[in-house]
Amino acid sequence: MDEQKVLSIKGLLDDTPEEYLSHKEKYENSIRKSVLFYKTLHSTEDENMSVDEKTKLNFRNIVTSAIFKDNSPFMLHNSMFIPTIMGQGTDEQREYWMKRAKNMEIIGTYAQTELGHGTFIRGLETQATYDPDTEEFVLHSPVLSSYKWWPGGLAHTANYCIVMARLYIKGKSHGIHPFMVQIRDEETHMPLPGIKLGEIGAKLGFNTVNNGFLGFENHRISRDRMLMKNAQVLKDGTFVAGSNSKLTYGTMVYVRVLIVSNMANMLAKAVTIALRYSAIRRQSQPKPDEPEPQILDYVTQQHKLFIAIASSHAFYMNAMWLWEIYYSVSLQLASGKLDNLPELHALACCLKPLSTIDATAMIEKCRLACGGHGYMLSANLAQTYGLATAAYTYEGENTVLLLQAARSLVKAWVGHVKGRPLKGTMAYLAGDSTVKAWDGSIDGIIQSFKVVAIRKISSVVKILQDYEKSGLSPEDAWNKASVFLTAASEAHGRAVLLSVYKSEMDKRAAVLSPPLRKVLLQLVDLYVTYWALEKVGDMLLYASITDKDVDELQRRYIELLAAIRPNAVGLVDAFDFRDEILNSTLGAYDGRAYERLMEEAMKSPLNAEPVNQTFHKYLKPFMRGKL
Ligand SMILES: CCCCCCCCCCCCCC(=O)SCCNC(=O)CCNC(=O)[C@H](O)C(C)(C)COP(=O)(O)OP(=O)(O)OC[C@H]1O[C@@H](n2cnc3c(N)ncnc32)[C@H](O)[C@@H]1OP(=O)(O)O
Ligand SMILES: Cc1cc2nc3c(=O)[nH]c(=O)nc-3n(C[C@H](O)[C@H](O)[C@H](O)COP(=O)(O)OP(=O)(O)OC[C@H]3O[C@@H](n4cnc5c(N)ncnc54)[C@H](O)[C@@H]3O)c2cc1C
C-alpha cells in the first residue's frame, strides 16, 4: 500500500501543533481530518485489494497514528462497531448494517461501559425490556450509574451505536445482549427523543476520540435491532439462548488480540525516537582528552533502549501467532465448535496485559532516556505513553484480565492433578518441574520460565485449597490469594511470550541472510537474558540459578548490549517509520533535533509577539507595587 501517497495528501498533517488548539478546536480538526483520511485510505486500499486483513489493519493503525497524535473519533467505528455487527449480527442484519457502516452512511460506536460498571459486565444496569404488544424493546437508564460512559465517538460523532444492555422479558432478566440503536437524527444530527448525550471531558490522552455519555428515557427500538446471531427474542417474547453466553463478549476478545500488535507498533515508534536522539545527543566528558560521547555509548542508555527494540519484535511475533489462533478459533466457532474458545480467552487475557504493561513502562523509559527534551510534547513520547497506558485499562483492566487467565490456569492445573489431559499452550504444565542444574542457554532459560510458571500455579492452587479448608468461601479464598494468582498468570504469560518469540524467530531464521539472522537472534538472546535477570528471584527460587550463574548472565547481558550497539540505529531504521509517522522533533531520520526543537518552539502562539499583554495589565503594576 502506498503510505507515501496517503501522507502527502494536503490537510492530513497538522500545520499548527494540536496542543495549541482548544478542546473544541481539537475535536473539529480531528473530524475534518477523519473524513479526509477515510476518503484517502479508501481510494488507496481499493488499489490494493489483494492485501490480507491483518496487513491492512496494521497499515491503517500505523498511518492513523501519524495523522491523529491522540487518536481518531472514528476509532470505535472501525475497531468495535463494525466487528460487533460482523460477530453478533444474523446474516440478514450483517447484510443490512455492514453496507451502511462500511460506506460510512452511518457512524457507530460500542457502548458497554457505564458510570457504575466497566469490568463487571453482568452488573450493567441499562435495561432493554421487550414489549410483545408492539414488538419493541424499551431502552432505559434507571439510575445515574447506568449511564453509558466512555465510548469513543459517542459524544458528537456517532449517530448509531451498539448498546450492551440487560434484557428483560415479562419481568425476567436474560443477561446482557447487544442492540443496534440510532441515537441521532440522520439529517439534523440532533439526539433522538428519549436520548441524552454528551462528552465526558478532558483526559490524560484520547482527547480527540470524543468519548461520550449516553442515557435513555424509555426509548423504543424495533425487535430487529437486537443483534441476534447468538441469542434471540421471538415475536411473542420467547427467549432463545445462545450456545454460550460468553459469545456475546466476542468483540472484546478480537480487540484484545489486536492490542498486542498495536503495542509492538507503539513501542517501535517510541524506541525509534529515543534511539535516534541518543545517537545525535552528546553529553559529559568521561575521558578528558576526548570529545563528549554520543549518549548511546553509555551502557545504561543501551540498557534502557535495546530491550524496547527486542520487546517490539517479541510482541509482533506473538501478535501474529495469536492472530492465527484467533482466526482458526473464529472459523471453529462459525461451525459451532466452542472447545478452543476458553484457551483463546485465557491467552488474550495474558498477552493483552503483559504487552500493555511492558510497552507502557518501556515507552516511559524511552521518554526518560531523552532527558529534558523527552518531556516536550513535540518529542511525541508523552502522547505515545498516553495512548499505551489507556490500553492498560480499556478492553479489560489488566489486573482483572490476569485474574481471568488465572481462573483458566487454576482449572487446568486442578484437572491435570485429577488426570485430565492438558492441551494447547497449557500442555507444558504437565512437564517436569523438579529443580535441575541451571541451563543458561536460550532454550534452557525458556524452560526455566515454564518451570517458574508451573511452580507458581501449583503453589497458588495449594494456597487456595488451604484457605478453603480453613473455612473460607471459594470467593474469599480467591480474593485472599489474588496477588499470587496474578503472579501465576504473569509467569505463564512470560513463558508464552518468550517461547513464542523464540520459536517464531527460529521458523524465519532459515530464510534470513546469515548476518541478519545473527542480529535478530542476538535480540532474542537479549530478551531472554534481560527477563532472566529481571526475574532472578524466581530463578533462584524455582530454577536453581547460583550466584556464579547470575554473574555469567550479567556479563552475557553486557556483551549482548555491546554486540547490538553497532546495529542499533539500523535496527530502528528497519522499523521503517517515515518522519511524518514518528511526528517527533527528536526522532527524525536526518537527526536535526535541535533545529526541529527550535522550529517547533516558534510555533508557540506566545512567540507571536515580543511582549505579552499581561505585562502591562499585571506584571508591571505588580512590580511597581501598584497591584
Ligand atoms: C485498527 C487497529 C486498532 C488496534 C487497537 C485497538 C484499539 C481499540 C480501542 C478500544 C477502546 C476501548 C473499548 C473498550 O474498552 S470496550 C469495553 C471493554 N470492557 C471490558 O473489557 C470489560 C472487562 N470485563 C470482562 O471482560 C468480563 O466481565 C470478565 C471477563 C471480567 C468477567 O466476566 P463475567 O463476570 O461475565 O464472567 P464470569 O466471571 O461470571 O464467568 C467467567 C467465565 O466466562 C468465561 N469468559 C469470560 N469472558 C470470556 C470471553 N470473552 N470469552 C470466552 N469466555 C469468557 C471465563 O473464562 C469463565 O469461564 P469458566 O471459568 O466459568 O468456565
Ligand atoms: C481511553 C479509554 C477508552 C475507552 N473506550 C471505551 C469504549 O469505547 N467503550 C466502552 O464501552 N468502554 C470504554 N472504556 C471503558 C473501559 O473498558 C473500562 O474503563 C475498563 O474496562 C475498566 O473498567 P472500570 O473503569 O469499571 O474499572 P474498575 O473495574 O472500576 O477498576 C478499578 C480498580 O478495581 C480493580 N478491580 C475491579 N474489579 C476487580 C476484581 N474483580 N478483582 C480485582 N480487582 C478488581 C481493578 O483492577 C482496578 O484497579 C474506555 C476506557 C478508557 C480509559
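Each chain has its residues counted from 1, following the order in which its sequence is written. Following the order in which they are written, the chains are lettered starting with A and the ligands numbered starting with 1. Selection of residues for local features in this predicted model requires a pLDDT of at least 70, selection of side-chain atom pairs for listing and counting requires 80 or more, and totals for whole chains, interfaces and linings are taken over all residues. Side-chain metrics in this entry use all non-hydrogen atoms of the structure; hydrogen atoms and water are not considered.

Novice: Where do I start with the domain arrangement of the chain in this structure?
Specialist: Annotation of the chain at the domain level lists domain 1 (3-69), domain 2 (98-242) and domain 3 (251-420 + 437-570). Just the C-alpha atoms count here: the centres of domain 1 and domain 2 sit 28 Å apart. Contacts were defined at the residue level, with two residues in contact if any of their heavy atoms lie within 4.5 Å. At the junction of the two partners, domain 1 supplies eight residues and domain 2 supplies 11 residues. For any pair of parts, buried area is found by adding up, for both, the accessible area (1.4 Å probe) each one loses once the two are put together. Buried surface at the junction of domain 1 and domain 2, both sides included, amounts to about 700 Å², of which 58% is carbon and sulfur. We count a salt bridge whenever a side-chain nitrogen from Lys or Arg sits within 4 Å of a carboxyl oxygen from Asp or Glu. Where domain 1 packs against domain 2, one counts zero salt bridges. Polar contact criterion, stated in full: a pair of N or O atoms within 3.5 Å, where within protein one must be able to donate a hydrogen and the other to accept it, and residues adjacent in sequence count only if both atoms are side-chain atoms. The interface formed by domain 1 and domain 2 includes four residue pairs in polar contact (both at pLDDT 80 or more). A per-class count over the side of domain 1 that touches domain 2 returns three nonpolar, three polar and two charged. Delimitation of the domains relies on an automatic or database domain assignment. Here the nonpolar group is Ala, Val, Leu, Ile, Met, Phe, Trp, Tyr, Cys and Pro; Asp, Glu, Lys and Arg are the charged ones; every other residue, Gly included, is treated as polar.

Novice: Even after reading the chapter, I still don't get the site of ligand 1, so can you show me in this structure?
Specialist: The environment of ligand 1 is made up of 28 residues, and the closest members are Arg122, Lys246, Tyr249, Arg407 and Lys411. When ligand 1 sits alone it has 1,300 Å² of accessible area, and the protein chains cover 84% of it. Under the DSSP-based scheme used, a helix requires at least four consecutive residues in state H or I and a strand at least two consecutive residues in state E, with every element numbered from the N terminus. Of all elements in the fold, only α4 (75-88), α6 (250-280), α8 (341-369) and α10 (398-417) reach the threshold of two or more residues within the shell around ligand 1. Considering every element that reaches the shell around ligand 1, the biggest residue donor is α6, with five residues. Here a residue counts as near a molecule or strand whenever at least one of its heavy atoms sits within 4 Å of it. For every accessible area listed, the method is Shrake-Rupley and the probe measures 1.4 Å; residues are considered covered only by the protein chains on display.

Novice: Where do I start with the UniProt feature "binding site: FAD" (unreviewed entry) in the chain in this structure?
Specialist: UniProt positions are given in the numbering used here, feature names are shortened, and annotations may be inferred rather than shown by experiment. As recorded in UniProt, the feature "binding site: FAD" (unreviewed entry) lies at Thr113 and Gly152. These annotated residues cover 40 residues of sequence, and their C-alpha atoms lie no more than 11.0 Å from one another, placing them together at a single site. We call a residue buried when its accessible area falls under 20% of the maximum for its residue type, exposed when it is over 50%, and partly exposed in between, using a 1.4 Å probe and counting protein chains only. Relative accessible area serves as the criterion here: at 26%, Thr113 is assigned to the partly exposed category. Counting through the fold element by element, Gly152 comes out in the loop between β4 (148-149) and β5 (160-169). Residue classification places Gly152 among the buried positions, given a relative accessible area of 4%.

Novice: Whenever I open this one, a nonpolar patch on the surface confuses me. Can you help?
Specialist: Put simply, a patch holds well-exposed residues, over 30% relative accessible area, that have no salt bridge, with like charges counted together within 9 Å and Val, Leu, Ile, Met, Phe, Trp or Tyr side chains within 5 Å. A grouping of Tyr618, Leu619, Phe622, Met623 and Leu627 is seen on the molecular surface, where their side chains present a nonpolar patch of about 600 Å² in accessible area. Tracing the sequence through the fold places Phe622 in helix α20 (residues 614-623).

Novice: How should the side chain of Arg494 be read in this particular structure?
Specialist: The topology assignment puts Arg494 in helix α13 (residues 482-509). Discounting chain neighbours no more than four positions away, the residues touching Arg494 are Leu354, Asp358, Phe449, Trp531 and Lys535.

Novice: Quick question: what am I supposed to make of the pattern of salt bridges here?
Specialist: Side-chain pairs of opposite charge can arise where the charged atoms are in close proximity. According to the stated counting rule, one finds 31 salt bridges in the structure shown. Lys196 serves as the salt-bridge partner of Glu217, at 3.7 Å between the closest nitrogen and oxygen. Of this pair, Glu217 sits in the loop between β8 (212-216) and β9 (219-222) while Lys196 sits in strand β7 (residues 195-199), and the two are 21 residues apart along the sequence. One salt bridge connects Asp551 with Arg555, and the closest N-O pair in it is separated by 3.1 Å. Taken as a pair, Asp551 and Arg555 lie in helix α16 (residues 547-564) at a separation of four residues, close to a single helical turn. You can call Asp551 partly exposed: its relative accessible area is 34%. A network of salt bridges, in which partner residues are shared, links Asp358, Glu490, Arg494 and Lys535.

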